[in-house]
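# Descriptive structure summary
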Amino acid sequence: MPEYVRKKLTLDFGQVTDYIVRRIREYIEESKKEGGIIGLSGGIDSSVTTILLSRATNNFYILLMPTSSTPQKDIEDAMKIIKIVNGENKYSYINIDEIINEFSSIVNTSDKIVIGNIKARVRMTLLYAFAQKMNYLVIGTGDKSEIMLGYFTKYGDGGVDVLPIGDLYKTQVRMLGNYLGVPEEIVKKPPSPALWEGQTAEGEIGLDYETIDSILYLKFEEMREPEEIAEMTKTSYDKVIKIINMVKTSQHKRLPPEIFRLSGRAINSDWRYPRQWG
Ligand SMILES: Nc1ncnc2c1ncn2[C@@H]1O[C@H](COP(=O)(O)OP(=O)(O)OC[C@H]2O[C@@H]([n+]3cccc(C(=O)O)c3)[C@H](O)[C@@H]2O)[C@@H](O)[C@H]1O
Ligand SMILES: Nc1ncnc2c1ncn2[C@@H]1O[C@H](COP(=O)(O)OP(=O)(O)OP(=O)(O)O)[C@@H](O)[C@H]1O
Ligand SMILES: [Mg+2]
């Protein structure tokens, strides 16, 4: 990561923590809910978000939902976080293999992406069922890098009520993790959705997150040209373009589905669009 970008992304993580913790607390209160539920994988995003949630409220609940493609190490790491947040009586361990196998046989596929996305959507379904039963909100774990790239399953891990760390790039989530005392092995672990054996985010996307974050920052916050970004990040022009295109083509994952309105202009189906009223 260019030193220039690292400096820009280095924040006062004490302030960031206070802000996010306060916003989680306020959001739960304003929603007239009693707490928050979260899926904990043992990865950095859910580890950091779980710690923030536990600081916002005592009313948190954690679901561990491993499958056969979940590394044992991830389960051990998730247990370390449960210990850190004193959550020993506030979690359920649910192996979802049987549900996944049932779905896969109905769909009649062994395609790893199709099955992987089923895993993410089954987790979402369980989180919402527990949330409603407990009168809690579903706390999302997506970070800014994944959200911008569309590197998540639509209505799977993308199906949540709030995104507390959604304005922090993965690199910043790691910095926040260090600040919060997340064990170093979790902070340093290669990010992985673990939707199939051996999957890593950086392998699937084709670039490491420090470079991805630099490209995202330089393009979308400083509006620099791809040629300059390629030079600054010592990356090929084609890879810079690939990252920019991932952001462009994944807009549908970040917006509510377009409604084909019978009158007026369909701008993201926003009824408040001024022309509609003017
Ligand atoms: N223009 C458009 N307008 C409206 N909808 C559009 C669309 N293009 C596709 N779609 C819909 O979107 C679907 C594709 O999206 P989706 O189902 O999400 O599937 P897709 O993006 O193909 O796969 C999800 C990706 O996210 C990764 N992932 C998943 C889960 C967690 C994590 C993680 O980091 O933990 C990462 C996973 O490894 C994979 O690369 C299409 O099948 C179609 O239904
Ligand atoms: N085995 C699991 N048990 C419970 N929740 C899970 C599991 N696997 C994934 N999830 C949920 O899906 C989210 C998306 O996964 P993702 O891999 O992006 O996040 P992460 O594992 O927390 O961090 P990283 O991106 O560094 O791997 C997780 O943060 C978690 O909320
Ligand atoms: Mg993960």
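Just so we're clear, the structure is a prediction, and the values are computed from it rather than from any experiment. (Residues numbered from 1 in each chain as written. Chains lettered and ligands numbered in written order. Predicted model: local features only at pLDDT ≥ 70, side-chain atom pairs only at ≥ 80, totals over all residues.)

What follows is about the UniProt feature "binding site: Mg(2+)" (unreviewed entry) in the protein chain. UniProt records the feature "binding site: Mg(2+)" (unreviewed entry) at Asp45 and Glu146, using the numbering of this structure. These annotated residues cover 102 residues of sequence, but their C-alpha atoms sit close together, with the largest distance between any two at 10.4 Å. Along the chain, the position of aspartate 45 falls in helix 3 (residues 44-56). Judged by local crowding, aspartate 45 falls into the buried class, with 24 C-beta atoms found within 10 Å. The residues touching aspartate 45, leaving out its near neighbours within four places in the chain, are Thr141, Asp143, Ile165 and Val173. Mapping glutamate 146 onto the fold places it in helix 7 (residues 144-149). Discounting residues that sit within four places of it in the chain, glutamate 146 has contacts with Tyr151 and Phe152. (UniProt positions renumbered as here; feature names shortened; annotations may be inferred. Helix = DSSP H or I, 4+ residues; strand = E, 2+ residues; numbered from the N terminus. Buried ≥ 20, exposed ≤ 12 C-beta atoms within 10 Å, placed from the backbone. Contact = placed C-beta atoms within 7 Å.)

This next bit is on the site of ligand 1. By nearness alone, 16 residues border ligand 1, and Ala120, Thr153, Lys154, Pro193 and His252 come closest of all. Only helix 6 (112-134) and helix 10 (201-205) provide two or more residues apiece to the shell around ligand 1. With four residues, the single largest contributor to the shell around ligand 1 is helix 6. Looking at the shell around ligand 1, its residues break down into seven nonpolar, five polar and four charged. (Near = placed C-beta within 6 Å. Nonpolar A, V, L, I, M, F, W, Y, C, P; charged D, E, K, R; others polar.)

The next thing to look at is the site of ligand 2. If you check the shell around ligand 2, you find 21 residues, and the closest are Gly39, Gly43, Ser46, Thr141 and Pro191. Contributions of two or more residues to the shell around ligand 2 are made by helix 3 and strand 2 (60-64). No other element matches the three residues that helix 3 contributes to the shell around ligand 2. Here the residues of the shell around ligand 2 sort into ten nonpolar, seven polar and four charged.

With 58 residues, the main nonpolar core has Val48 and Ile62 as its most contacted residues. In this view, valine 48 contacts Ile165, Val173, Leu176, Gly177, Leu180 and Val182; residues no more than four positions away in its chain are not counted. (Core = buried A, V, L, I, M, F, W, Y, C linked by C-beta atoms within 7 Å.)

This chain's UniProt record puts "binding site: ATP" (unreviewed entry) on Gly39, Leu40, Ser41, Gly42, Gly43, Ile44, Asp45, Ser46, Thr141, Lys170 and Ser192. By the element assignment, glycine 39 lies in strand 1 (residues 35-39). By C-beta crowding, glycine 39 is classed as buried, having 24 other C-beta atoms within 10 Å. When neighbours within four sequence positions are excluded, glycine 39 is seen to be in contact with Ser46, Leu63, Met65, Arg123 and Leu127. Structurally, isoleucine 44 is set in helix 3. On the basis of neighbour count, isoleucine 44 is assigned to the buried category, with 23 C-beta atoms found within 10 Å. Once residues lying within four places of it in the same chain are set aside, the contact partners of isoleucine 44 are Val173, Arg174, Gly177, Val182, Ile186, Val187, Lys189 and Pro191.

Next up on the list: helix 4 (residues 72-84). With 13 residues, helix 4 should reach 18 Å at 1.5 Å per residue; the first-to-last C-alpha distance of 19 Å fits that figure. Residues of helix 4 that are buried include every one of Asp74, Asp77, Ala78, Ile81 and Ile82, and no others. Along the long axis of helix 4, the arc covered by the buried residues comes to 150°, so they all point the same way. Facing away from the buried side of helix 4 by over 90 degrees, the exposed positions are Gln72, Lys73, Glu76 and Lys83. Backbone geometry just after helix 4 places asparagine 86 at a positive phi near 50°. (Expected span 1.5 Å × (residues − 1). Arc of directions from axis to C-beta.)

A separate point is the packing of helix 5 (residues 97-107) against helix 6. Packed helices, taken two at a time, are described by the angle their axes make and the gap between the axes. Running from amino to carboxyl end, helix 5 crosses helix 6 at an angle of 135°, the nearest separation of the two axes being 10 Å. Considered as vectors, helix 5 and helix 6 are oriented oblique to each other. The hand of the helix 5/helix 6 crossing is right-handed. Touching Ile99, Ile100, Phe103, Ser104 and Val107 of helix 5 are Val114, Ile115, Ile118, Lys119 and Val122, all from helix 6. Of the residues in the contact of helix 5 with helix 6, the class split is eight nonpolar, one polar and one charged. (Axes fitted to C-alpha atoms, helices over the stretch in contact; angles between N-to-C directions. Parallel < 35°, antiparallel > 145°, perpendicular 65-115°, else oblique. Left-handed = near helix turned anticlockwise from the far one by under 90°.)

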